[in-house]
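Residue-level structure breakdown
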2 protein chains.
Amino acid sequence: MSREKLRVIPVGGVGEIGKNMTLMEYGENILVIDAGLMFPENDMPGVDIIIPDMAYLLEHQDRIRAVIVTHGHEDHTGALPYLLSRIPDVPVYATRLTQGLVEVKLKEHKVRGVEFHVISADDSLDLAPFRVEFFHVSHSIPDGVGLAVRTPVGLVVHSGDFKFDHSPIDGRHTDFAKLADLGREGVLLLLSDSTNAETPGYTPSEQEITKTFEQAFLQAEGRVIVATFASNISRVQQVIDIAARHGRYVAVAGRSMINNVRMAQELGYLKVPEGILLDAEDTRYLPLDKVALICTGSQGEPTSALVRMASRDARAIRLQPGDTVIISATPIPGNEELVNRTLNNLFRLGAAVYYDELLDVHVSGHASQEEQKLMLNLIRPRFFVPIHGEYRHLVLHTKLAEQVGIPAENIFILENGDVLELDNCSARVVDRVAQERVFVDGLGVGDIGEIVLEDRRTLSQNGFVVVVVVLDSQTRYALTTPRIVSRGLVYNRDSEKLLQDMENYILEIVNEGENSATLNSRLRETLARLIYDAVGRRPMILPVVIEV
Amino acid sequence: MSREKLRVIPVGGVGEIGKNMTLMEYGENILVIDAGLMFPENDMPGVDIIIPDMAYLLEHQDRIRAVIVTHGHEDHTGALPYLLSRIPDVPVYATRLTQGLVEVKLKEHKVRGVEFHVISADDSLDLAPFRVEFFHVSHSIPDGVGLAVRTPVGLVVHSGDFKFDHSPIDGRHTDFAKLADLGREGVLLLLSDSTNAETPGYTPSEQEITKTFEQAFLQAEGRVIVATFASNISRVQQVIDIAARHGRYVAVAGRSMINNVRMAQELGYLKVPEGILLDAEDTRYLPLDKVALICTGSQGEPTSALVRMASRDARAIRLQPGDTVIISATPIPGNEELVNRTLNNLFRLGAAVYYDELLDVHVSGHASQEEQKLMLNLIRPRFFVPIHGEYRHLVLHTKLAEQVGIPAENIFILENGDVLELDNCSARVVDRVAQERVFVDGLGVGDIGEIVLEDRRTLSQNGFVVVVVVLDSQTRYALTTPRIVSRGLVYNRDSEKLLQDMENYILEIVNEGENSATLNSRLRETLARLIYDAVGRRPMILPVVIEV
């Protein structure tokens, strides 16, 4: 038996734990599972995306045996361009569709020369000291896998994102048999998807929503427009199938949707009847009841195809009464206001709108409580770590694990960066790898942190005032009237009195001959008080004193 | 028959229509129904609240006969301090509890000398040419009323916020009998609450959640902490009753909760068993299983009592494993992230947490579809205007009205500001009263608009750069090195190269002797390009050129 231990480390962005990346380390060998991104919350202004902290990986890049990607969603793949541009010579393993989706992203980021290995769920990889096997999982994207990793201390199972869909659109079920085999063999540790730990029962099958879609297509007088996630290839297949049955042509709108559909079709993951797929432009010449459109915008993203239509963007398709819009997604927390606005605008245009609050037009891609218990019972692990979820989901998942008989002391709720160390009979949290949120803003990766964000929040609340005073370095008298530059505080044209008052106060203070050491702070304090008394706001105040 | 017509005008804030205020005008007489506020959305940074545009009322203040307040929620009362400080001599009519809640607010705003009339649901007011009667409605606050307004052209019914709760906590039902009487008499126009037009069936009774609360109290080893809206007096009564049954003392935390509970108790709307109510401070000396706490924070508001506890604020009660927290509310759209963060922190502290996603700990105060139909069928109005809801809710409410037999041409979906004109047999939209969003920020009411908000959004995304150049007015040479003030763009300490590059470019441009007319724009463009190439961001760039 080895003296060496296995270390499991969830790495992540904001809120969710172990979602974007999980590390397995044994001796000088690291297996990286997924490299995804998170989207910023509403109080992280200007941040484009958040990626996992890779400091530990960069420091130990010689140890990395492989990056294994479980499926093609951005929260599992979106950080790959950042990882691979900094650590280019690491091999990446993914299924065919996942690789196709990743390559679209790598191309956008101009990351080239990646060593890609396309795997299938039946493969077995020798990445000594690890042996990695896969099992197919059904999810809201085809070609997802979970992992069974044989390590010197025992077998570790990582569920990936999964549900047990008994009638998946692509006909491929989560591999019960292999899971049962693994369980029978004996599993040391299970890491399993906690996303829907709040939801009792079973997640409905993707087929469940077919009924609602059929009804929408039957009743639609004009076009049928379906908005969903660009990666939701199964949903796209569903819409194409139904459109074909109803004699409608299909067009695709939105850059990411167009790219993904093209790629999925090329790789054979989308079955498109001959001649049914048209350019969105060309649908203009067809009768409205012969047209179906699949597009982006299900989250109310301001530049998406659906939002452009809803807000009558001149370049978008003009919606009209009789058109039907199906929003086949639920809002990600934080996007509710944008989605509601889009809904209201669609109603204003007179469209018939189907959305999740009203009708079954979306199902989750994640296991609900009964499925989470089924996974636990199939695998019957010695130790259990809930991953993929916010802290409360992990806690709720542990309750389910306890219900099916896993002792509480064998269950570990980790935070991102926690190091769980295991040998073949014990597990404990021994360490913590520093985890900063790495914000990407424009070209900058990790160059803005809490200080800059705090400044942005302050600026967004009450704006700023820069006061420029030019002094004669000899006499210390002002050489010009003070210049005041302010934005976001008041509407300057309506605030002449306040600006005039500020100018007067500044001149008064300056001409008292205050010394340089204290002039700045006196200006700041005086103006802060003046502004607060006048309008009750606390802008950022920045005096600039120049002596010439 | 009068030649004069009745004009009905919904006035409002953001998103919802006719929620915050409705005007009824006949000749030179205006009845104001409610004067509430809205909370800003996430893309309205720095805005405290939004109030209805009162320009029309200010212009015609001599016409105002009365302000009638249907119930004590802020979205129906919160603009009263602003209305009454500008139009002080208008009489206000409200029930006892509503008046109590309004007076708390008026006191905070130092608005005095308001002419208040306490009414009961049985009263009838002669406000010629209107005669106003009331009917009790059950809602998530006691003492709510709807209005029956007799006008020269016919009877108008305004539902207020209502549901048909068959077992309300205070024992008072929505007045079916009076509604049926009104319907029999013949109603020209019904304005009715659309909030829950997306929800099929009936809204469960307030009593429904008692079961879950009882269970929580039974199982709780430590304290039981219930967070809800400060105005939800019925929920507070429920918690007090259950706590009493389980032998627990009750304390109240959070300023608005403390004020409301005190006032409701004084007015007799809260029945508190002798000696059960303690100061939160004093509960420290009691065994944990003898304590229940009612507090603010159900929306994750950063300074609320619950959020302080969740984030281990030193001044707050220290939560510990064994404590139970019940969040008896659903997140208002836009607050989901704050609520989720609070939930995660409560789980991190080891509390048992009951919340709406998991268990029935909250019911809506608004009628669902079947109740909306019941209201329509009791009143059987000739014309129907859905109010209280976002646009999509109004549309869905009209579908229900059509289902129960109201002709589509007799239904009007108004936007805020639309003027619906009625005589005794016809109705049509004839006009539109300008509706600006009136933002309150600090002491300023309506002084910031879209331009300032847009500046704030830009600042929040990428910050700003102010560049100060001092020129010799004779030689046009720079007298000092340029001064660069920047916040929210980059972390300045790590960006010395960028700042140095900016300085060099500025000096170069200045010393080319560019004339004053174009110097500013050249500086702005050059710096914009330099910054975008370096970090991919577009900050606000503001050159200040001073000649001495």
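None of these values were measured; they are calculated from a predicted model.

Topic: the overall build of chain A
Per the secondary structure count, chain A includes 15 helices and 26 strands. With the principal axes as the frame, chain A shows a C-alpha extent of 90 × 70 × 45 Å. Burial analysis of chain A (548 residues in total) assigns 59% to the buried set. In chain A, the proportion of contacts linking residues at least 24 apart, taken out of those at least 6 apart, comes to 71%. Carbon and sulfur atoms make up 47% of the accessible area of chain A, which amounts to about 21500 Å² in all. Here chain A contributes 54 positively and 76 negatively charged side chains, and the mean placements of these two sets differ by 2 Å.

Concerning the pairing of strand 21 (residues 427-432) of chain A
Sheet topology note: the strand 20 (residues 418-422) of chain A/strand 21 of chain A ladder contains 5 bridges and is antiparallel. Bridge pairing in strand 21 of chain A links D418 of chain A to R432 of chain A.

Some remarks on the relation of the copies chain A and chain B
With an axial shift of 0.1 Å and an RMSD of 0.1 Å, the rotation relating chain A to chain B amounts to 180 degrees. Each copy turns onto its partner about a two-fold axis. Closest to the rotation axis within chain A is the C-alpha of S460 of chain A, separated from it by 2.4 Å. A shared interface surface links the copies, since 100% of the contact residues of chain A are contact residues in chain B too.

Side note on the pairing of strand 12 (residues 189-193) of chain A
All names here are of chain A. Here strand 12 lies mainly inside the structure; 5 of its 5 residues are buried. Neither face of strand 12 is left uncovered, since the one carrying L189, L191 and D193 and the one carrying L190 and S192 both have all their residues buried. For strand 11 (residues 154-158) and strand 12, the ladder comprises 3 bridges, and the chain directions are parallel. Paired with V157 across the bridge in strand 12 is L190. At this point the chain moves from strand 11, through helix 5 (residues 176-185), to the parallel strand 12, and the crossover so formed is right-handed. Bridging between strand 12 and strand 19 (residues 383-387) involves 5 bridges; their strand directions are parallel. Residue pairing in the sheet places S192 in a bridge with P386 of strand 19.

Description of the interface of chain A and chain B
Contacts between the two partners involve 67 residues from chain A and, on the opposite side, 67 residues from chain B. Buried area between chain A and chain B, summed over both chains or domains, comes out near 5900 Å², and the portion from carbon and sulfur atoms is 56%. Our count for the chain A to chain B interface comes out at 10 salt bridges. Linking E415 of chain B and R348 of chain A is a salt bridge whose minimum nitrogen-to-oxygen distance equals 2.5 Å. Secondary-structure elements contributing two or more residues to the side of chain A that touches chain B are helix 10 (336-348), helix 12 (391-403), helix 13 (450-462), strand 24 (464-471), strand 25 (483-487), helix 15 (516-535) and strand 26 (540-547) of chain A. Here the residues of the side of chain A that touches chain B sort into 33 nonpolar, 14 polar and 20 charged.

Here we look at the sheet that holds strand 25 of chain A
By definition, the strands of a sheet pair up through backbone hydrogen bonds, in either a parallel or an antiparallel sense. Residue and element names in this part refer to chain A. The strand order across the open sheet built from 3 strands is 25-24-26, with neighbouring strands paired in mixed fashion. Bordering the open sheet on either side are strand 25 and strand 26, each of which pairs with just one other strand. Strand-to-strand twist in this sheet, taken as the mean axis angle between neighbours without regard to direction, amounts to 15 degrees. Sheet strands touched by helix 14 (residues 496-511): strand 24 and strand 25. Its angle to strand 24, the strand with the most contacts, is close to 40 degrees.

Here we look at the pattern of salt bridges
Residue and element names in this part refer to chain A. A complete count under the given rule lists 72 salt bridges over all chains for this structure. Among the ionic pairs, R476 bridges to E547, the shortest N-O distance being 3.1 Å. Pair noted here: R476 is in the loop between strand 24 and strand 25 and E547 is in strand 26, with a separation of 71 residues, a long-range link. Classification of R476 as buried rests on a relative accessible area of 18%. Three or more residues are tied together by salt bridges with common partners; here these are R7, E25, E28 and R63.

Digging into the sheet that holds strand 15 (residues 277-278) of chain B
Residues and elements named next belong to chain B. Sheet architecture is open: 6 strands sit in the order 15-14-16-13-17-18, paired in parallel fashion. The sheet is open, and its two borders are formed by strand 15 and strand 18 (352-354), each paired with just one other strand. When strand 14 (residues 249-253) meets strand 16 (residues 291-295), the two strands line up parallel, connected through 5 bridges. Looking across to strand 16, one finds that V250 is bridged to A292.

Some points on helix 14 of chain A
Residue and element names in this part refer to chain A. Taking 1.5 Å per residue, 16 residues should reach 22 Å; helix 14 reaches 22 Å between its end C-alpha atoms and fits that length. Every buried residue of helix 14 is listed here: L498, M502, I506, I509 and V510. Taken down its axis, helix 14 places every buried residue within 100 degrees of arc, on the same side. Residues E496, K497 and E508 are exposed on helix 14 and point more than 90 degrees away from its buried face. Packing partners of the buried residues in helix 14 comprise strand 24, strand 25 and helix 15. Note on helix 14: the residue one or two positions beyond its end, G513, has a positive phi of about 75 degrees.

Focus on helix 5 of chain A
Residue and element names in this part refer to chain A. The set of residues buried in helix 5 consists of L179, L182 and G183. On an axial view of helix 5, the arc spanned by its buried residues comes to 100 degrees, and they lie on one face. Among the exposed residues of helix 5, those oriented more than 90 degrees off its buried face are A177 and R184. As for helix 5, its buried residues are in contact with strand 9 (130-137), strand 10 (144-151), strand 11 and helix 11 (369-379). Backbone geometry just downstream of helix 5 places G186 in the positive-phi region, at approximately 105 degrees.

Quick word on the packing of helix 14 of chain A against helix 15 of chain A
Residue and element names in this part refer to chain A. Two numbers describe how helix 14 lies on helix 15: the axes approach to 10 Å, and their chain directions differ by 155 degrees. The angle between the axes of helix 14 and helix 15 places the two elements in the roughly antiparallel class. For the crossing formed where helix 14 meets helix 15, the hand is right-handed. Here helix 14 contributes L498, D501, M502, Y505, I506, I509 and V510 to the contact with helix 15, which in turn contributes L519, R522, L523, T526, L527, L530, I531 and A534. For the contact of helix 14 with helix 15, the class distribution of residues is 12 nonpolar, 1 polar and 2 charged.

Here we look at the confidence of the model for chain A
This prediction gives chain A a mean pLDDT of 94; 99% of its residues lie at or above 70. Two numbers describe this predicted complex: its pTM, 0.93, and its ipTM, 0.92.

Structural notes on the packing of aromatic side chains
Applying the stated criterion to the full structure yields 9 aromatic pairs over all chains. Between the aromatic rings of F164 of chain B and F176 of chain B, the centroid separation amounts to 5.0 Å while the plane-to-plane angle is 20 degrees, which identifies the pairing as stacked. Of this pair, F164 of chain B sits in the loop between strand 11 (154-158) and helix 5 (176-185) while F176 of chain B sits in helix 5, placing them 12 residues apart in sequence. On the basis of relative accessibility, which here comes to 29%, the residue F176 of chain B falls in the partly exposed class. Feature note: the residues F162, F164 and F176 of chain A constitute an aromatic cluster, connected by ring pairs. If you follow R538 of chain A out to its NZ or CZ, it ends over the ring of Y532 of chain A, 4.0 Å from the centre.

Criteria and cut-off values
- Every chain is numbered independently, its residues counted from 1 as its sequence is written.
- Here chains are named by letter from A upward and ligands by number from 1 upward, in the order in which they appear as written.
- Selection of residues for local features in this predicted model requires a pLDDT of at least 70, selection of side-chain atom pairs for listing and counting requires 80 or more, and totals for whole chains, interfaces and linings are taken over all residues.
- Note that the side-chain values use all heavy atoms of the structure and ignore hydrogens as well as water.
- Helix and strand assignments follow DSSP, with helices taken as H or I runs no shorter than four residues and strands as E runs no shorter than two, numbered in order from the N terminus.
- Accessible area is worked out with a 1.4 Å probe on protein chains only. A residue is then buried under 20% of its type maximum, exposed over 50%, and partly exposed in between.
- Pairs of residues are marked as contacts when any of their non-hydrogen atoms sit within 4.5 Å.
- Using the Shrake-Rupley algorithm and a 1.4 Å probe, accessible areas are obtained, with residue cover drawn only from the displayed protein chains.
- Positive charges come from Lys and Arg, negative ones from Asp and Glu, while His and the chain ends are left out of the count.
- Throughout, a charge is located at the NZ atom of Lys, the CZ atom of Arg, the CG atom of Asp or the CD atom of Glu.
- We call two strands paired when DSSP finds no fewer than two bridges between them.
- For the least-squares superposition of copies, only C-alpha atoms count, and only for residues with pLDDT at least 70 in both.
- For a crossover, the right-handed case is the one in which the path from the first strand over the helix to the second runs clockwise, viewed with the strands pointing away from the viewer.
- Summed over both partners, the accessible area (1.4 Å probe) lost when two parts come together is defined as the buried area.
- Any Lys or Arg side-chain nitrogen located within 4 Å of an Asp or Glu carboxyl oxygen qualifies as a salt bridge.
- Basically, the charged four are Asp, Glu, Lys and Arg, the nonpolar ten are Ala, Val, Leu, Ile, Met, Phe, Trp, Tyr, Cys and Pro, and anything else, Gly included, counts as polar.
- Between N-to-C directions, angles cover 0 to 180 degrees, with each direction set by a line fitted to C-alpha atoms, over the stretch in contact for helices.
- Helix span, as expected, comes to 1.5 Å for every residue beyond the first.
- By arc we mean the arc of the directions from the helix axis to the C-beta atoms, nothing more.
- Orientation is classified from the angle alone, with under 35 degrees giving roughly parallel, over 145 giving roughly antiparallel, 65 to 115 giving roughly perpendicular, and any other angle giving oblique.
- In a left-handed crossing the near helix is turned counterclockwise from the far helix by less than a right angle, and in a right-handed crossing that turn is clockwise.
- Across the chain, each position has a pLDDT score giving the predictor's confidence in that residue, from 0 to 100.
- Any pair of Phe, Tyr and Trp rings, taking the six-membered ring for Trp, is counted once the centres come within 6.5 Å. Such a pair is stacked with planes under 30 degrees apart, edge-to-face with planes over 60 apart, and tilted for the rest.
- By definition here, charges over rings are those cases where NZ of Lys or CZ of Arg is within 6 Å of the ring centre and within 35 degrees of the ring normal.

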